[in-house]
Structure formats: C-alpha cells, structure tokens
Amino acid sequence: MDFLFLKRHYKIVAAIFITVAALLTAVFTQGQLKSGQTTDWLDVLGEGGIFVMTAVWLFFLLASRPAGKVTYLLSIGLTCFLCSSLLDLTDEFVSYPSKEFWLYWIESLPALVGMVLMTWGLYQWHHEQLKLHKQLSRREAFYREHSQIDYITQLYSADYMRDHLSQLIAEQQSYALAMLDIRKFADFNRSYSTQDGDRLLREVADLIVMNLRTADLACRYAGDRFIIVMPNTGLAEAQEVCEQIQQAVKSLAFKPNGNNKAVYHKIATAVVLSEPEQQLEQAIRQVNLALEK
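In what follows, the accompanying structure is described. Everything numeric in this text was worked out from a predicted model, so none of it was measured.

## Details of the overall build of the chain
Then, in step 1: Helix and strand content of the chain: 11 helices and six strands.
Then, in step 2: A compact globule built from 293 residues should have a C-alpha radius of gyration of about 19 Å, whereas the chain, at 26 Å, is more than 25% larger.
Then, in step 3: In terms of its C-alpha atoms, the chain occupies a principal-axis envelope of roughly 80 × 50 × 35 Å.
Then, in step 4: For the chain, the residues scored as buried account for 43% of the 293 residues in total.
Then, in step 5: Summarising the internal contacts of the chain: among those between residues at least 6 apart in sequence, 72% fall at separations of at least 24.
Then, in step 6: Surface summary for the chain: the accessible area is close to 16,800 Å², and the carbon and sulfur share equals 59%.

Below, the structure is given as structure tokens:
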C-alpha cells in the first residue's frame, strides 16, 4: 500500500466529503430529531458499522491504487453505498415530514447504483489482473534463463531490457523509461573496494525492486546505471516512483567491510516518455542524455 496515492486522489476525497456533508445538512435541516426512547440501538450499531466499514474500504481503495477507470468505478460505487448507509443510520435519529419525502426515495437508490458500478469495476479489475498475470508469467519464464540476468545485482540484463522494449514498441504500447545512476560510485570503489562496490550495487538493486510496481521492469544497464521500464505510465507517476527510490537509497546506511561508519549515497534519475514511431535506441539515447543533463 502506498499512502502517497491519496494525494493524487484529492478530487475524489473532496467530492466524498462534500457529498456526505450535503446529505447531513439536508437531513438535519429538513427533518426533526426523534426522542431517545424511540431509537433502536441495535439498528444503530448495525447500520453505523456498515457506514464505518464502507468508509474504511474507500480509504484503503484510494490508498492502494493509482488513478484509472477501475479505481473510479469502485470509488464511485462505494461512495453511493456510503450515502445509502448514512441515510439508513440517520433514520434512527431523524424523522421526515412524510413517507413521500424525497430523502425516503433516495435512501435505497444509491446502494443499487453503487452495487452495479462496483460489479462492473470488479469485472474490469479481473481483466486487469489477467493481463498482469500474463506479463508476470512471461517475466518469470525469462527469469529462469540465467543469460538474461545480471550476475552481480540479479536484475535483468541490458539485452533483456532491449528485448522487452522491442516487444512494447511492436505492440504499440506506451511506456516511461527511467534511468538511475549512483552518484560518485567510482570514488566509492577507490576509497573502499570493488567487493564493497558490488555489495552496494546489490543493495541498491534490492531497493529499486522493492519500490517498483508489479508491471515494471528493472535492469542493470551498465556499471552503476539502472533502467526501469514502466508500461502505460504517465510522466508524473513515473517521476513519483523514481522519487520513492531516491528516498529509499538516501536512507540506506551502507557500511563497507571493516568500517563501522555508515556511508550514505544519492542517485540521479531521469525519465522520458515513449514517442510515436520512436525506435529502441532513440529512447535509450534520449534518457541517457536527460540523465547527463
């Protein structure tokens, strides 16, 4: 779960708060408070629990998924269900002018609309997972071929990265290409040893993998440079992934052998987006130039 996703869903979060506030305002301005003796507290517990749990589901959904059609469908569906459960709950405390009052009419309707939207969203999510599984199966098959793996970092090799990019280009899929470089890596090797340098590369590679999403691909490009291929990813989202990796590496307290003092490192990053009709080597050259700048 990445709570940074919540920042990117601020419009949805604001719309949910506005909707709930509008409903509460309508309920308490149009209705009259009931006496405490008529309140069924068992109903309050059940309906209040449904409202709270729906709000929790919404929170975890928005905190766990990037923006997209599936996320929007599920969040709108849950919001409709949230509104129905809220009106069910306020019924226990507020009475309306008559049974024909408009709040009675909309009490159950949002739940039905929400269930329809959530069902369609779950169907789309199922297809999304099938595509991811297909990609993972393909990656696992290549992973078993040791010639495609860098010996030191256990990441994919530059040759495999080129094969993967060629396939994306052939399928006309858009992608973001990120290049990462460990700053002053040559100075570190001279100050300590190449064994320490190799161990640092492995630990940085582990941090990169831990901060990637399922569909992303990490490769060791050359020396202390890494490349990340992010299919169907926009510039802002790709930069966010790189920033997370930068923070993770910056916090790594690396201790060379025979030295109790931690050495901290920084990495430089550059991101470019695929362009129509762009060739493989053009994309790699473009991100290389961006990193040099």
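## Section: the pattern of salt bridges
Then, in step 1: Following the criterion strictly, the structure yields 10 salt bridges and no others.
Then, in step 2: With a shortest N-O distance of 3.5 Å, Asp-196 and Arg-199 are connected by a salt bridge. Taken together, the residues span about one helical turn, with Asp-196 and Arg-199 both in helix α9 (residues 194–210) at a distance of three residues.
Then, in step 3: Take Asp-196: its relative accessible area is 4%, and that puts it in the buried class.
Then, in step 4: Arg-213 is paired through a salt bridge with Asp-216; the nearest N and O atoms lie 2.8 Å apart.
Then, in step 5: A relative accessible area of 26% places Arg-213 in the partly exposed class.
Then, in step 6: A residue is classified by how much of its surface remains accessible, and Asp-216, at 1% relative accessible area, is buried.
Then, in step 7: One network of salt bridges, with partners in common, ties together Asp-181, Arg-225 and Glu-292.

## Remarks on the sheet that holds strand β4 (residues 217–222)
Then, in step 1: Strand order across the open sheet formed by four strands is β4-β5-β3-β6, with antiparallel pairing between neighbours. In this open sheet, the two strands that pair with only one neighbour each are β4 and β6 (267–273). For this sheet the average axis-to-axis angle between neighbouring strands, irrespective of direction, equals 20 degrees.
Then, in step 2: Across the sheet, helix α7 (residues 158–170) touches β3 (175–182), β4 and β5 (225–231), and the angle it forms with β4 is around 130 degrees.
Then, in step 3: Each of β3, β5 and β6 is contacted by helix α10 (residues 235–250), which is oriented at about 170 degrees to β6, the strand it contacts most.

## What to know about the pairing of β4
Then, in step 1: Where β4 meets β5, five bridges bridge the pair, whose relative direction is antiparallel. Across the sheet, Ala-218 pairs through a bridge with Ile-228, a residue of β5.

## Observations regarding unusual backbone geometry
Then, in step 1: Despite not being glycine, Gln-172 shows a phi value in the positive range, around 60 degrees.
Then, in step 2: Tracing the backbone through its elements, the reader meets Gln-172 in the loop between α7 and β3.
Then, in step 3: In this structure, Asn-232 takes a positive phi of about 50 degrees despite not being glycine.

## Looking at the environment of Ile-18
Then, in step 1: Mapped onto the fold, Ile-18 is located in helix α2 (residues 10–30).
Then, in step 2: Taking the C-alpha atoms as reference, Ile-18 lies 41 Å from Met-179; in sequence the two are 161 residues apart.

## A short note on a positive patch on the surface
Then, in step 1: Together, Arg-183, Lys-184, Lys-250 and Lys-266 line one region of the surface with positive charge.
Then, in step 2: With respect to the secondary-structure elements, Lys-250 resides in helix α10.
Then, in step 3: Looking at Lys-250, the relative accessible area reads 46%, which means it is partly exposed.

Reading the values: the criteria
Residue positions within a chain follow its written sequence, with the count starting from 1. Residue-level local features of this predicted model are given only where pLDDT is at least 70; pairs of side-chain atoms are given and counted only at 80 or more, and the full residue set underlies all totals for whole chains, interfaces and linings. Side-chain calculation: all heavy atoms of the structure are included, whereas hydrogens and water are not. What counts as a helix is a DSSP run of H or I of at least four residues, what counts as a strand is a run of E of at least two, and both are numbered from the N terminus. Atoms considered for the radius of gyration are the C-alpha atoms alone. The globule rule reads 2.2 Å times the number of residues to the power 0.38. Whether a residue is buried, partly exposed or exposed follows from its accessible area with a 1.4 Å probe, protein chains only, as a fraction of its type maximum: under 20%, in between, or over 50%, in that order. We call two residues in contact when some of their heavy atoms are within 4.5 Å. Using the Shrake-Rupley algorithm and a 1.4 Å probe, accessible areas are obtained, with residue cover drawn only from the displayed protein chains. Here, a salt bridge means any side-chain nitrogen of Lys or Arg that lies within 4 Å of a carboxyl oxygen of Asp or Glu. Two strands pair if DSSP finds at least two bridges between them. To get an axis, fit a line to the C-alpha atoms, keeping to the stretch in contact for a helix; angles then go from 0 to 180 degrees between the N-to-C directions. The patches reported here contain residues having more than 30% relative accessible area and no salt bridge. Joining distances are 9 Å for like charges and 5 Å for nonpolar side chains (Val, Leu, Ile, Met, Phe, Trp, Tyr). The charge count treats Lys and Arg as positive and Asp and Glu as negative. His and the chain ends do not count. Charge positions are represented by NZ for Lys, CZ for Arg, CG for Asp and CD for Glu.

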